[in-house]
Amino acid sequence: AVVSTQSTGGRKSALARCSVVDYAGEILFDGYVRPIQPVTDYRTRWSGIKPKHLTSATPMVEARKLILRHLKGKYLVGHDLQNDFQALNFKPHPALVKDTSKCIALRHLAGLDVKRKPSLRLLTRLIRGKDIQSASHCSIEDARAAMALFKAAEDNWEDQTNPFLDDSYWAHLT
């Protein structure tokens, strides 16, 4: 989950909570993160973050080290992950990223237009028959929902998302 902070260039997104689950949905890491810059907008409706969550949160520098221990060299499953990676200042190899927002197989399973990027909430409702993010946003619930969606399309995943066609796959070579 991200919040807005003030930076010299204007408004910037910053990590405020990170949840990492394994293939079975078991929690490997879940913690609140205190951004380096002061928070200007908690984005509570979308992030679920309130001021009380950050009073005793782990400082960003320390949290980033803890989080990256769980991420480096692993397949990373999630929904619309570029914002999370940007907030972490982390650039995983594109072949390791399984982003449910980009998976065409999931759009087919849900009966959606393949040209429009669906929300995690919509995909979860249409494919799993489960409502998420109804009361408050929870990053653990999101992580588990993304993993369940990945499992639903796992056998067809590589046919529908080809990392070699994405310019970011080759960016590390320049």
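Refer to the preceding data block for the structure.
What this report covers is the structure whose coordinates are included nearby.

Conventions used here
- Residues numbered from 1 in each chain as written.
- Predicted model: local features only at pLDDT ≥ 70, side-chain atom pairs only at ≥ 80, totals over all residues.
- Heavy atoms only, no water.
- Helix = DSSP H or I, 4+ residues; strand = E, 2+ residues; numbered from the N terminus.
- Contact = heavy atoms within 4.5 Å.
- Pairing = 2+ DSSP bridges.
- Axes fitted to C-alpha atoms, helices over the stretch in contact; angles between N-to-C directions.
- Buried < 20%, exposed > 50% of the residue type's maximum accessible area, 1.4 Å probe, protein only.
- Polar contact = N/O pair within 3.5 Å; in protein donor to acceptor, adjacent residues only side chain to side chain.
- Parallel < 35°, antiparallel > 145°, perpendicular 65-115°, else oblique.
- Left-handed = near helix turned anticlockwise from the far one by under 90°.
- Nonpolar A, V, L, I, M, F, W, Y, C, P; charged D, E, K, R; others polar.
- Expected span 1.5 Å × (residues − 1).
- Phe/Tyr/Trp six-rings, centres within 6.5 Å; stacked < 30°, edge-to-face > 60°.

1. A word on the side chain of His53
Checked against the element boundaries, His53 lands in helix α2 (residues 51-54). If sequence neighbours within four positions are ignored, His53 has contacts with Tyr32 and Gly48.

2. Describing the sheet that holds strand β4 (residues 27-34)
The strands that make up a sheet are held in pairs by hydrogen bonds between backbone atoms, and each pair lies either parallel or antiparallel. What the three strands build is an open sheet, ordered β3-β4-β6; its pairing is mixed. At either end of the open sheet lies a strand with only one pairing partner, and these are β3 (17-21) and β6 (58-59). Here two bridges tie β4 to β6, and the two strands are oriented parallel to one another. In the strand pairing of β6, Arg34 is matched with Pro59. Most of the contacts of helix α3 (residues 60-71) go to β4, to which it runs at about 160 degrees, and overall it touches β3, β4 and β6. Set on the sheet, helix α7 (residues 139-153) makes contact with β3 and β4; between it and β3 the angle comes to about 35 degrees.

3. Some points on the environment of Gln133
Mapped onto the elements, Gln133 comes out in the loop between α6 (120-128) and α7. With a relative accessible area of 23%, Gln133 lands in the partly exposed category. In this structure the C-alpha to C-alpha distance between Gln133 and Arg45, which are 88 residues apart in sequence, comes to 9.7 Å. In this view, Gln133 contacts Leu120, Arg121, Glu141 and Asp142; residues no more than four positions away in its chain are not counted. There is a polar contact of 2.9 Å between the side chain of Gln133 and the side chain of Asp142.

4. Concerning the packing of α6 against α7
For the pair α6 and α7, the least separation of the axes is 10 Å and the interaxial angle reads 50 degrees. Here α6 is positioned oblique relative to α7, judged by the angle of their axes. In the packing of α6 onto α7, the handedness of the crossing is left-handed. Where α6 abuts α7, its residues Leu120, Leu123, Thr124, Ile127 and Arg128 lie against Asp142, Ala145, Ala146, Ala148, Leu149 and Ala152. A breakdown of the residues in the contact of α6 with α7 according to their chemical character gives eight nonpolar, one polar and two charged.

5. With respect to α7
Compared with the 21 Å implied by 1.5 Å per residue over 15 residues, the 21 Å span of α7 between its first and last C-alpha is a close match. The element α7 is largely enclosed, with a buried count of 11 among its 15 residues. Taken residue by residue, α7 has Ser139, Ile140, Asp142, Ala143, Ala145, Ala146, Met147, Ala148, Leu149, Phe150 and Ala153 as its buried positions.

6. Quick look at the packing of aromatic side chains
Counting across every chain of the model gives two aromatic pairs. With 5.8 Å between their ring centres and 80 degrees between their planes, Phe85 and Phe90 make a pair best called edge-to-face. Phe90 carries the same exposure label as Phe85, and that label is buried.

7. Let's talk about the pairing of β4
Direction of pairing for β3 relative to β4: antiparallel, over a ladder of five bridges. Looking across to β4, one finds that Arg17 is bridged to Tyr32. Remark: five residues form the turn of the hairpin made by β3 and β4, two consecutive strands paired antiparallel; Gly25 in that turn has positive phi of roughly 85 degrees.

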